[in-house]
Amino acid sequence: MLNATDAIRFVMTGGTMDSMYDGSIDTVVPNEKSVVPRYMAGVKVERTLEFSEICMKDSRQLNDEDRARVVDVVEASSEKK
């Protein structure tokens, strides 16, 4: 039987998977919301999946505040994966 420690938490900050190319400005632009929960809904996983969206930024735009929020979410999470 699965318990809370068997759950998987996704901590999302944007990046390649959560971006799309905008030809009008010739660069990638992060989506407003992460697509990861929608993708994972189509995958058969026998664990509880939890999602925390920190921000939606290109990784080059992450700052110390964003990184601190990632640490806070990970430390507060009951999930171990």
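Residues numbered from 1 in each chain as written. Predicted model: local features only at pLDDT ≥ 70, side-chain atom pairs only at ≥ 80, totals over all residues. Heavy atoms only, no water.

J.: Looking at this model, I keep getting lost on the pairing of strand E2 (residues 19-22). Mind explaining?
T.: Consecutive side chains of a regular strand alternate in pointing toward one face of the sheet and then the other. Of the strand pairs in this sheet, E2 and strand E3 (residues 27-30) are connected by four bridges, and their pairing is antiparallel. Paired with Met20 across the bridge in E3 is Val29. A loop of four residues connects E2 with E3, the two strands running antiparallel in sequence, and Asp26 in this loop sits at a positive phi of about 55°. (Pairing = 2+ DSSP bridges. Helix = DSSP H or I, 4+ residues; strand = E, 2+ residues; numbered from the N terminus.)

J.: In this structure, what is going on with unusual backbone geometry? I would like to understand it.
T.: Trans is the common state for peptide bonds, and a negative phi is the common state for residues other than glycine. You will see that Asp26, though not glycine, has its phi angle at about 55°, which is positive. Looking at the secondary structure, you find Asp26 in the loop between E2 and E3.

J.: Please clarify how the packing of aromatic side chains should be interpreted in this entry.
T.: A ring pair, where both rings are aromatic, is described by two values, the distance of the centres and the angle of the planes. In this structure the tally under the stated criterion is one aromatic pair. Their ring planes at 20° and their centres at 5.1 Å tell us that Phe10 and Phe51 sit as a pair that is stacked. With Phe10 in strand E1 (residues 8-14) and Phe51 in strand E4 (residues 49-57), this pair connects stretches of sequence that are 41 residues apart. On the basis of relative accessibility, which here comes to 22%, the residue Phe10 falls in the partly exposed class. (Phe/Tyr/Trp six-rings, centres within 6.5 Å; stacked < 30°, edge-to-face > 60°. Buried < 20%, exposed > 50% of the residue type's maximum accessible area, 1.4 Å probe, protein only.)

J.: Would you mind going over the environment of Val29 with me for this structure?
T.: On the secondary structure map, Val29 appears in strand E3. By relative accessible area, which is 28% here, Val29 ends up partly exposed. A C-alpha to C-alpha distance of 9.7 Å links Val29 and Gly14, two positions 15 residues apart in sequence. What Val29 contacts, discounting residues up to four positions off in sequence, is Asp18, Ser19, Met20 and Asp22. (Contact = heavy atoms within 4.5 Å.)

J.: Looking at this model, I keep getting lost on the side chain of Glu79. Mind explaining?
T.: The topology assignment puts Glu79 in the segment after helix H2 (64-76). When its relative accessible area of 12% is taken as the criterion, Glu79 is described as buried. Among the polar contacts made by the side chain of Glu79, one reaches the side chain of Arg9 at a distance of 2.7 Å. Within the structure, Glu79 has its side chain in polar contact with the side chain of Ser77 (distance 2.3 Å). (Polar contact = N/O pair within 3.5 Å; in protein donor to acceptor, adjacent residues only side chain to side chain.)

J.: Explanation requested: the pattern of salt bridges in the structure shown.
T.: Pairing of side chains with opposite charge becomes possible as their charged atoms draw close. Throughout the structure, instances matching the rule amount to five salt bridges. The salt bridge involving Asp66 is made with Lys57; its shortest N-O contact spans 2.7 Å. The class of Lys57 is partly exposed, set by a relative accessible area of 23%. (Salt bridge = Lys/Arg side-chain N within 4 Å of Asp/Glu carboxyl O.)

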